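Structure assessment
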Amino acid sequence: MLKFTVKENDGGQRLDKFLQKALKGIPLSLMYKYIRKKRIKVNSKRAKENQILVKGDIIELYIPDEFSKAEADTSEYDKVRLKPDVVFEDENLIICEKKAGMLSHTGDKGENDAHSIPERDTLIFIIRAYLYNKGEYDPNNESSFAPALANRLDRNTGGLVIAAKNAAALREVNRLIKDGCVDKRYLCAIHGRIAPQNGTLRGFLFKNSKTKTVTVYDSQRQGAKEIITSYKTEKYSKEHDLSLLEVHLETGRTHQIRAHFASVGHPLLGEGKYAHNKSDRELGYKYQALYSYKLTFNVPDGPLSYLDKKTVEADRKNIGFLTLF
């Protein structure tokens, strides 16, 4: 018999989700069969696949030995020399700057070649290695939890990314982001002068899952979702005919900033998916000039209320395209 005691980081999730992460090599169909046949019990009682676990629950598994506890290989963490560019860190969260060109995590369906990128080259792997080498995370002391990203950025977009160190913090920051309690601000460089200098763009975005691109329309189309993009002009470069904008997303859709500004004739510097400008390459920009540079928390209550009104801002020295202004 295999036995698990539900730890603090394991509570609050469904039994089946826990088992998928905690067991090695068990087929889903067989796992559900074992639950139905009462060969997997919680606190010595019949369990249900959607049962929510709480700290202290005892899970008993009367299953073949081949489906043992999933042991983590931590040897790769010892080899990691890179450290995340940490902007803020406490016992719950770590906020880092992701460089343009780095993948947030493997399995990202929004990136064409994500499957070919080694896991050790992703931001989340570097964060986990950093916490492991600090003694704050050991996967073999966890049944199912690993530090995880609460938000992600496109591979070629740089900026601030939030990771949670424990399950409770992950659930809470995910809720805050979903409820609009984390204000995100972006800086971007666009071609030309946009009019008005400060304003709000509205449109409807359709996502093509096959091509992994989006199209922006002026009016509603079947399958399209409304997008609202607010902006204000910070600077204009006459030499390069570029405008520096601060952008706030009222809605958060795939490639919203890139596609929205391209649709109104002001594509981002370095844009290669929704526009092509030879001058961008001449200036040395092969990635879109877009950076998530500021986060402000609005958390009046709850476990992360100590972050209320806190602003975390990236170092502008790390934003290369600012040198053009």
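Scroll up for the structure.
Note that the structure is predicted; figures quoted are calculated from it, not measured.

1. Some thoughts on the side chain of Ser243
Tracing the sequence through the fold places Ser243 in strand β13 (residues 242–249). If sequence neighbours within four positions are ignored, Ser243 has contacts with Cys188, Ala189, Ile190, Gly192, Arg193, Ile194, Lys235, Tyr236 and Phe325.

2. What about the nonpolar core?
Core analysis: the biggest nonpolar cluster contains 37 residues, and Leu93, Ile95, Ile162, Leu269, Phe297 and Phe321 have the highest contact counts within it. Here the element with the most residues in this core is helix α5 (residues 167–178); it accounts for six residues. Once residues lying within four places of it in the same chain are set aside, the contact partners of Phe297 are Ile95, Ile162, Cys181, Val182, Leu307, Asp308, Lys309, Lys310 and Val312. Core analysis: the second largest hydrophobic core is formed by 31 residues, Cys96, Leu245, Val247 and Ile257 among them.

3. Remarks on the packing of aromatic side chains
What the rule picks out here adds up to five aromatic pairs. For the ring pair Tyr77 and Phe125, a centre distance of 5.0 Å and an interplane angle of 45 degrees mean the geometry is tilted. Within this pair, whereas Tyr77 is found in helix α3 (residues 75–79), its partner Phe125 is found in helix α4 (residues 123–133), the two being separated by 48 residues in sequence. Residue Tyr77 shares its accessibility class with Phe125, and that shared class is buried. Aromatic side chains Tyr231 and Phe261 sit 5.9 Å apart centroid to centroid with 75 degrees between the ring planes, which places their arrangement in the edge-to-face category. One end of the pair, Tyr231, is in strand β12 (residues 225–237); the other, Phe261, is in helix α6 (residues 256–263), with 30 residues separating them in the sequence. Judged by relative accessible area, Phe261 falls into the buried class, the value being 0%. Among the aromatic residues, those joined into a ring-pair cluster are Tyr77, Phe125, Tyr132 and Tyr137. Positioned above the aromatic ring of Tyr236, the side-chain terminus of Arg193 is 3.7 Å from the ring centre.

4. A look at the packing of helix α1 (residues 15–22) against helix α2 (residues 28–36)
Orientation of α1 relative to α2, taken along the N-to-C sense of each, is 130 degrees, at an axis distance of 11 Å. Relative to α2, α1 is oriented oblique. Between α1 and α2 lies a crossing of right-handed hand. Residues Leu15, Asp16, Leu19 and Gln20 of α1 form the contact with α2, whose participating residues are Leu28, Met31, Tyr32 and Ile35. Grouping the constituent residues of the contact of α1 with α2 by class yields six nonpolar, one polar and one charged.

5. Topic: the environment of Thr254
Of note, Thr254 is situated in the loop between β13 and α6. The sequence separation of Thr254 and Lys178 amounts to 76 residues, and the corresponding C-alpha distance is 15 Å. Sequence-distant contacts of Thr254, defined by excluding residues within four places in its chain, comprise Leu205, Lys207 and Val214. Among the polar contacts listed, one links the side chain of Thr254 to the side chain of Lys207, at a separation of 3.5 Å.

Cut-offs used in this document
- As a convention, each chain's residues are numbered from 1 in the sequence order in which they are written.
- Where local features are concerned, this predicted model is filtered to residues with pLDDT of at least 70; where side-chain atom pairs are given and counted, the filter is 80 or more; whole-chain, interface and lining totals use all residues.
- Heavy atoms throughout the structure, all of them, feed into the side-chain values; hydrogens and water do not.
- Only DSSP runs of H or I covering at least 4 residues are called helices, and only runs of E covering at least 2 are called strands; the numbering of each starts at the N terminus.
- Residue contacts are counted whenever heavy atoms from the two residues lie within 4.5 Å of one another.
- For the purposes of this section, nonpolar cores are sets of buried Ala, Val, Leu, Ile, Met, Phe, Trp, Tyr and Cys residues that join through side-chain atoms within 4.5 Å.
- To sort residues, take the accessible area from a 1.4 Å probe on protein chains only and compare it with the maximum for the residue type: under 20% means buried, over 50% means exposed, and anything in between is partly exposed.
- Side-chain rings of Phe, Tyr and Trp, where Trp is taken by its six-membered ring, are said to pair if the distance between their centres is within 6.5 Å; with planes under 30 degrees apart they count as stacked, over 60 as edge-to-face, and otherwise as tilted.
- Two limits define a charge over a ring: the Lys NZ or Arg CZ must be within 6 Å of the ring centre, and within 35 degrees of the ring normal.
- Working convention: axes come from line fits to C-alpha atoms, limited for helices to the stretch in contact. Angles between N-to-C directions cover 0 to 180 degrees.
- In what follows, roughly perpendicular refers to angles from 65 to 115 degrees, roughly parallel to angles under 35, roughly antiparallel to angles over 145, and oblique to any angle outside these ranges.
- For any pair of crossing helices, the crossing counts as left-handed if the nearer helix is rotated counterclockwise from the farther one by less than a right angle, and right-handed if it is rotated clockwise.
- For this classification, Asp, Glu, Lys and Arg are treated as charged, while Ala, Val, Leu, Ile, Met, Phe, Trp, Tyr, Cys and Pro are nonpolar and the rest, including Gly, are polar.
- Polar contacts here mean pairs of N or O atoms no more than 3.5 Å apart (in protein, one a potential hydrogen donor and the other a potential acceptor; neighbouring residues in sequence count only if both atoms are side-chain atoms).

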